[in-house]
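Now for the letters of each chain:
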Amino acid sequence: MSERDVTPSGGSLPFTLKPRVIILAIIVIAIIVLVTSSFYVVDQTEQAVVLRFGRYARLTGAGLNFKLPFSIAKNYNVPTQVVQNMQFGFRTEQAGINTVFSRGDYPEESIMLSGDLNIIDVEWTIQYKIINPTEWLFNVENREKTIRDISQSAMNQLVGDRAILDVLGPERNNIEIESQIIMNERL
């Protein structure tokens, strides 16, 4: 028995490892890694922002796409065709025919002071869609908190300018329209 056929534990291998087999195995593994890291899938509701060496390279649409392998290029999929929403003062626990809402501990979001110095609990939902995925990824640091802060600020401003009966009644639609305008300007 030669030294090549003996394992460190003293047993023998059922086959011999030749340098040619090891090199072939390394090449096969490298090809598999190359192929799997060169393609990415973008869903129909998304767009992908591709970075090459950390810099913006291109924007790609739905389907199977190619990028440079080994993390030279990275893709970030952003849901641009989905209407997303945020709720203030409540949360949806279970959506469906009989939707279940949680009115838990969210008073910091919904309790405001009206223009006539009354305390009012205003609950609302906003819906938004990402238009520019590049700006969404790189120009906003904390996306959800930014949207929440802007929405709360707009609602506080509009409710604070009106009497409580106006907020509950005739000015309700105006508050909705004006809040959309204010939020779009700020965002």
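Report on the accompanying structure.

How each quantity is defined
- Residues numbered from 1 in each chain as written.
- Predicted model: local features only at pLDDT ≥ 70, side-chain atom pairs only at ≥ 80, totals over all residues.
- Heavy atoms only, no water.
- Helix = DSSP H or I, 4+ residues; strand = E, 2+ residues; numbered from the N terminus.
- Expected span 1.5 Å × (residues − 1).
- Buried < 20%, exposed > 50% of the residue type's maximum accessible area, 1.4 Å probe, protein only.
- Salt bridge = Lys/Arg side-chain N within 4 Å of Asp/Glu carboxyl O.
- Patch = residues over 30% accessible without salt bridge, like charges linked within 9 Å, V, L, I, M, F, W, Y side chains within 5 Å.
- Areas by Shrake-Rupley, 256 points an atom, 1.4 Å probe, with all protein chains shown as cover.

**A word on helix H4 (residues 143-160)**
- Its 18 residues give H4 an end-to-end C-alpha distance of 26 Å, which sits within 8% of 26 Å, the value for a rise of 1.5 Å per residue.
- Those residues of H4 that sit buried are Ile147, Arg148, Ile150, Ser151, Gln152, Ala154, Met155, Leu158 and Val159.

**Some remarks on the pattern of salt bridges**
- Applying the stated rule across the entire model yields six salt bridges.
- Residue Glu109 is joined to Arg148 by a salt bridge in which the shortest nitrogen-to-oxygen separation is 3.4 Å. Pair noted here: Glu109 is in helix H2 (residues 107-110) and Arg148 is in helix H4, with a separation of 39 residues, a long-range link.
- A residue is classified by how much of its surface remains accessible, and Glu109, at 9% relative accessible area, is buried.
- In this structure Arg148 comes out as buried when scored by relative accessible area, which is 13%.

**Focus on a nonpolar patch on the surface**
- A grouping of Ile23, Ile27, Ile31, Val35, Phe39, Val41, Leu64, Phe66 and Leu68 is seen on the molecular surface, where their side chains present a nonpolar patch of about 860 Å² in accessible area.
- For the nonpolar patch, the secondary-structure elements that each account for two or more residues are helix H1 (19-36), strand E1 (39-42) and strand E4 (63-66).
- At four residues, H1 tops the list of elements feeding residues into the nonpolar patch.
- Note on placement: Val41 falls in strand E1.
- Assessed through its relative accessible area of 57%, Val41 is described here as exposed.

Remember that the coordinates give geometry; whether it matters functionally is a separate question.
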